[in-house]
Each structure stands twice: as C-alpha cells, then as structure tokens.
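Each chain is listed here by its residues.
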Amino acid sequence: MKKSEWSDKQLEELLRQMPLIQDHRNPRDIYQNLSIKKRKRPAWVVPGFAAVAAVLLLFLFIPRLLTGTEYSFDSAKQEQSTSEEKISLSDDKNSSILMKEEDSAEIENGKSGAAPKMLADESSKTALYDNEIENGIVMTYWVPDSQVQMLVPISTVITPDTSKDWLTIFTETMGLLKEEEWGLTDYYPLNATFTWDSNTNTVTVDVPIDHKYGQGSTAETIFITSLNNNIASNSQVNKIKFTTNGQPGIELGNQGVIKEMKVEPVGNHAYFSYTPDGMDTAYLVPSTEKYQDINSAFEIMKTDQQELGLTATIGSDFPIKDVTIKENKLLISMDENSKMENNLATVFSFEAILLTAKEFGIETITIVNPPIQLLGPFDLSKEVKVPLAANLRTIK
C-alpha cells in the first residue's frame, strides 16, 4: 500500500472538525471491576467508541482510504483483534483454573469417582453382639465361598420355638439361607438327615447312597469341615456319627469309609477380609490355619492371603503397639503418635480384632489411651465385649 500523503497538521485540522464524542470514564476503571469469568459481552463492546470514531474517519476520508489510510484502519482493527484474542485466551485460562479448582473440591467431597472416607456410625458394625439378640437365638452357618476354597461364617437371629430343639431349628432354617444373593456358593440345605441323641450328646448324619460329598478332595473337605463348624458353633455336641441310607458309615474319596468323628471346637484362627467377585459387601472370614497364640494371629493379619483372596485387616487403620492378656481380658496399647479415623475401614479392622480375640477365649478388649473415643458404635474409652458371631444376615 502507498504511504498516506496527508500531513500531521491536515489530520489534526480534520479531526477538530469532527463531532465531539466524550466518555468521562477511565477505561481502566471500566475493566478493573469486571470478573473475567462472569463477563459475557464481547470484548469489543467497551472500546466501541473508538470504533465509531474510526467509522467517521472512514466516511471523511473516502478518497484516500482506498490507498494509504486503509492501512491505518486495518492496523487499528488488527490491534483490536489482538486485544480480543488476549481477553479470550485469558477467559480460557481462568476457566481452566476454575474447572481444576472445582474438580479438586469435588474430589475432596467424594465426587468425580473418588472414594470418600465414610464416617462410621451405629450401623457400621458387621458382627452380631449380645445386646442385639433380645429373646432370639443365634444360629451360625458355614457357607463355602464362590470358589469353594474356604468357609464363610454367616450368623442370624432366630425367633425361638420352645417346642423344637436346637437341631430342628438349625435344619429347618438352613433352607432359608440366601447364599447366591450374598455372593457365596448355593450349598444348603444339605442332602442329609440329622438326628440328635441328647443322652449321648451325639448327632447322627444320614446321607443317601447317591450323595456327592465324597466326590473329590475339595467336596469332601468342605463337607466334613462345615459339619464340624456348624455343630461346634451351635451346640455342645462332641461327636458326629455317619450312616448311609441307615447303614453305618459314609464313604469319602480320600478317607474311605468313616463311621464317626469328634467335633473339634472352632478357635485359634485369625480373621481376614473377603469380598466376593462382583460384590460390594465384604465378610470377615477366619483363616484356614490355626495359630498358637493371639500375637501370632495378629501378626499374620497384617498380610494379605492372596491364594485365598483374603485381605489383611490390621494396618495403618488400627496400628497395634503392644498386647497384654489378663485373665480373659485383652489390653491393646497403641503408639502415642498413631492416628485413627472414625471410618468404616477402622471399624472393620476393630471387628476383625474382636473376632480373633474371641477365638482365643478373650471376653473383652480395652484400648489403652485410644487416639479417639468413639469408633462407630464402639466407645473405646470403655471395655468392649467381643461379638457373639460374625457376618450378621437377616434371612426372614
């Protein structure tokens, strides 16, 4: 383009002849009180008066604008466009910052897919305690997990029927279990007939000729262990007799024919966490191994049992420093600098400790100098009784 032939004096004279346009506001005052985030008008609204002046110049200088002055106008337009671009970029940048701040706030509050730390309350416990049974009786059923590798204790409260003995109530109730709904193996009712001789304190288990409990070592082990644990958990019976279609003995794959077995008390196990595939519910499950003392059990509870899909239950949520047993009472000391939160994970750890203590004959647990007083339904400033049974479920 050609350089403009207008002199500075000529331009000043022409500008003086233009109508006077006044805006008494300082442009800086106009912008400094506006929030970039909330500004919704286009960037060119505020400098609109300058644009009007440019239009007037356009009409005054028609003969020359097609040559030299066109460059000046384009330059002004380019500066205005640059200014708009800067404001737009600033808007985008601030929007990005605001979105990041909002995302952080959402994560802090448990949104955006982050798992919140749920505060524990009265309903956080999973086991059954003596203040919950009222006039009912407790029944515990040992149900195989979904992979049939171990047994999960399920407890429920049954309304007592004085006309029925414990074994009748046990056998009638086993058909009401909801194993598959709970993420476990559909195992009950057992394909057997049970009778109890109170004089000899013996339970007789009669199976049909075509029973499947001896087909394979896993089926055999689960059958024998579940019978032992079911009877040990719900009675004082000390012996089981087997018959097949009324004839003495039962044939099992590995053990051959057995006629009777002694009922071993359930105890000396460590409790771990087990979550069935595709389920949100976790169970507290005893180890398959027995331990010599409670310290050994607590130590193993700090490590996952990956071969069985069991998760450790003692960790940072419940750091134990020292354990002391006095008679049937357990005293647990914790590190003075330890932190404990009132959340579901900590309650779960504490219940695993309570159930493990029960396995070793402990009746109450006292936390020495607890970091917090209230943990869900538990008052840690007082003695806490061990549960009656694990994994409470309602079946009626």
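Residues numbered from 1 in each chain as written. Predicted model: local features only at pLDDT ≥ 70, side-chain atom pairs only at ≥ 80, totals over all residues. Heavy atoms only, no water.

A.B. asks: Looking at this structure, I do not really get the overall build of the chain. What am I missing?
C.D. replies: Within the chain, the regular secondary structure consists of eight helices and 18 strands. Within the chain, buried positions represent 35% of all 396 residues. Long-range pairs, those at least 24 residues apart, make up 66% of the contacts in the chain between residues at least 6 apart in sequence. As displayed, the chain has an accessible area near 24,000 Å², and 50% of this comes from carbon and sulfur atoms. (Helix = DSSP H or I, 4+ residues; strand = E, 2+ residues; numbered from the N terminus. Buried < 20%, exposed > 50% of the residue type's maximum accessible area, 1.4 Å probe, protein only. Contact = heavy atoms within 4.5 Å. Areas by Shrake-Rupley, 256 points an atom, 1.4 Å probe, with all protein chains shown as cover.)

A.B. asks: How should I be thinking about the pairing of strand E11 (residues 283-286) in this particular structure?
C.D. replies: The two faces of a sheet get side chains in turn, since along a regular strand they alternate between them. Burial along E11 is two-sided: the face carrying Tyr-283 and Val-285 and the face carrying Leu-284 and Pro-286 are both buried. Sheet topology note: the strand E10 (residues 271-274)/E11 ladder contains four bridges and is antiparallel. In the strand pairing of E11, Phe-272 is matched with Val-285. (Pairing = 2+ DSSP bridges.)

A.B. asks: Please clarify how the sheet that holds strand E18 (residues 384-385) should be interpreted in this entry.
C.D. replies: Either a parallel or an antiparallel arrangement is found when strands of a sheet pair, and the pairing is made through backbone hydrogen bonds. The strand order E13-E14-E15-E18 describes an open sheet built from four strands, whose pairing is mixed. Looking along the sheet, the strands with just one partner apiece sit at the ends: strand E13 (322-326) and E18. Here E13 runs beside strand E14 (residues 329-333); their pairing, made up of five bridges, is antiparallel. Bridging across to E14, Asp-322 finds its partner in Ser-333.

A.B. asks: What am I meant to see in the sheet that holds E10 here?
C.D. replies: Sheet architecture is open: three strands sit in the order E11-E10-E12, paired in antiparallel fashion. The open sheet has two edge strands, E11 and strand E12 (310-311), and neither has a second partner.

A.B. asks: Which parts of the structure should I look at to understand the pattern of salt bridges?
C.D. replies: Counting across every chain of the model gives seven salt bridges. The salt bridge partner of Asp-130 is Lys-385, with a shortest N-O separation of 3.4 Å. Within this pair, whereas Asp-130 is found in the loop between helix H4 (62-108) and strand E1 (137-144), its partner Lys-385 is found in strand E18, the two being separated by 255 residues in sequence. Among the residues examined, Asp-130 registers a relative accessible area of 39% and is labelled partly exposed. In this structure, Asp-379 engages Lys-382 in a salt bridge whose closest nitrogen and oxygen atoms are separated by 3.9 Å. Salt bridges here are not isolated pairs; linked through shared partners, they connect Asp-161, Lys-164 and Glu-172. (Salt bridge = Lys/Arg side-chain N within 4 Å of Asp/Glu carboxyl O.)

A.B. asks: Is there a simple way to explain unusual backbone geometry in this structure?
C.D. replies: Leaving glycine out, the prevailing phi sign among residues is negative, and the prevailing peptide bond configuration is trans. In this model, Tyr-188 is joined to Pro-189 through a cis peptide bond whose omega is 5°. Take Pro-189: it is sitting in the loop between helix H5 (166-173) and strand E3 (193-197). With a phi close to 50°, Glu-134 is a non-glycine residue in the positive phi region. In this structure, Val-148 takes a positive phi of about 50° despite not being glycine. Relative to the helices and strands, Val-148 resides in the loop between E1 and strand E2 (151-158). On the accessibility criterion, Val-148 (30% relative accessible area) is partly exposed.

A.B. asks: Explanation requested: the packing of aromatic side chains in the structure shown.
C.D. replies: Applying the stated rule across the entire model yields eight aromatic pairs. Summarising the aromatic geometry, the rings of Phe-318 and Phe-350 are spaced 5.4 Å apart at their centres and angled 10° between planes, so their arrangement reads as stacked. With Phe-318 in the loop between E12 and E13 and Phe-350 in helix H8 (residues 344-359), this residue pair connects regions lying 32 residues apart in the sequence. Summarising the burial analysis for this pair, Phe-318 and Phe-350 share the class buried. With 5.1 Å between their ring centres and 85° between their planes, Phe-350 and Phe-378 make a pair best called edge-to-face. Taken as a pair, Phe-350 in helix H8 and Phe-378 in strand E17 (residues 378-379) lie far apart in primary sequence, 28 residues in all. The structure contains a cluster of three or more aromatic residues connected by ring pairs, namely Tyr-129, Phe-318, Phe-350 and Phe-378. (Phe/Tyr/Trp six-rings, centres within 6.5 Å; stacked < 30°, edge-to-face > 60°.)

A.B. asks: How should the environment of Ser-235 be read in this particular structure?
C.D. replies: Looking at the secondary structure, you find Ser-235 in the loop between helix H6 (217-234) and strand E5 (239-244). By relative accessible area, Ser-235 is classed as buried at 11%. As a C-alpha pair, Ser-235 and Leu-167 span 68 residues in sequence and 8.5 Å in three-dimensional space. Of the polar contacts made by the side chain of Ser-235, one reaches the backbone oxygen of Ile-231; its length is 2.7 Å. Within the structure, the side chain of Ser-235 is placed 3.2 Å from the backbone nitrogen of Val-237, a separation counted as a polar contact. (Polar contact = N/O pair within 3.5 Å; in protein donor to acceptor, adjacent residues only side chain to side chain.)

A.B. asks: Could you clarify how one ought to interpret the confidence of the model for the chain in this entry?
C.D. replies: Detailed reading of the predicted model is not advised wherever pLDDT is low. Per-residue confidence for the chain gives a mean pLDDT of 80; residues scoring 70 or more make up 70%. With pLDDT under 50 throughout, residues 26-47 is counted as low confidence; its partners more than four residues away or in other chains account for 18 contacts. Across residues 62-116, where pLDDT falls below 50, the model places 32 contacts with residues more than four positions away in sequence or in other chains. (pLDDT = per-residue confidence, 0-100.)

A.B. asks: Explain the pairing of E10 here, please?
C.D. replies: Residues Tyr-271 and Ser-273 line one face of E10 and the alternating positions Phe-272 and Tyr-274 line the opposite face, and both faces are buried. Across two bridges, the pairing between E10 and E12 is antiparallel. Paired with Tyr-274 across the bridge in E12 is Leu-310.

A.B. asks: Just to check I follow, could you spell out the side chain of Asp-145 for this structure?
C.D. replies: By the element assignment, Asp-145 lies in the loop between E1 and E2. In this structure the side chain of Asp-145 is engaged in a polar contact, spanning 2.6 Å, whose partner is the backbone nitrogen of Gln-149. Excluding its chain neighbours within four sequence positions, the residues that come into contact with Asp-145 are Met-150, Val-152, Leu-184, Thr-185 and Tyr-274.

A.B. asks: Any chance you could explain H5 here in plain terms?
C.D. replies: Think of an α-helix as 3.6 residues a turn; residues three or four steps apart then line up on the same face. Of all the positions in H5, only Trp-166, Leu-167, Ile-169, Phe-170 and Thr-173 are classed as buried. Along H5, the residues classed as buried sweep out an arc of 160° about the axis, all on the same side. Contact partners of the buried residues in H5: E1, E2, E3, strand E4 (202-207) and H6. Regarding H5, its N-cap is Asp-165, as a side-chain oxygen of that residue lies 3.1 Å from the backbone nitrogen of Leu-167 further along. (Arc of directions from axis to C-beta.)

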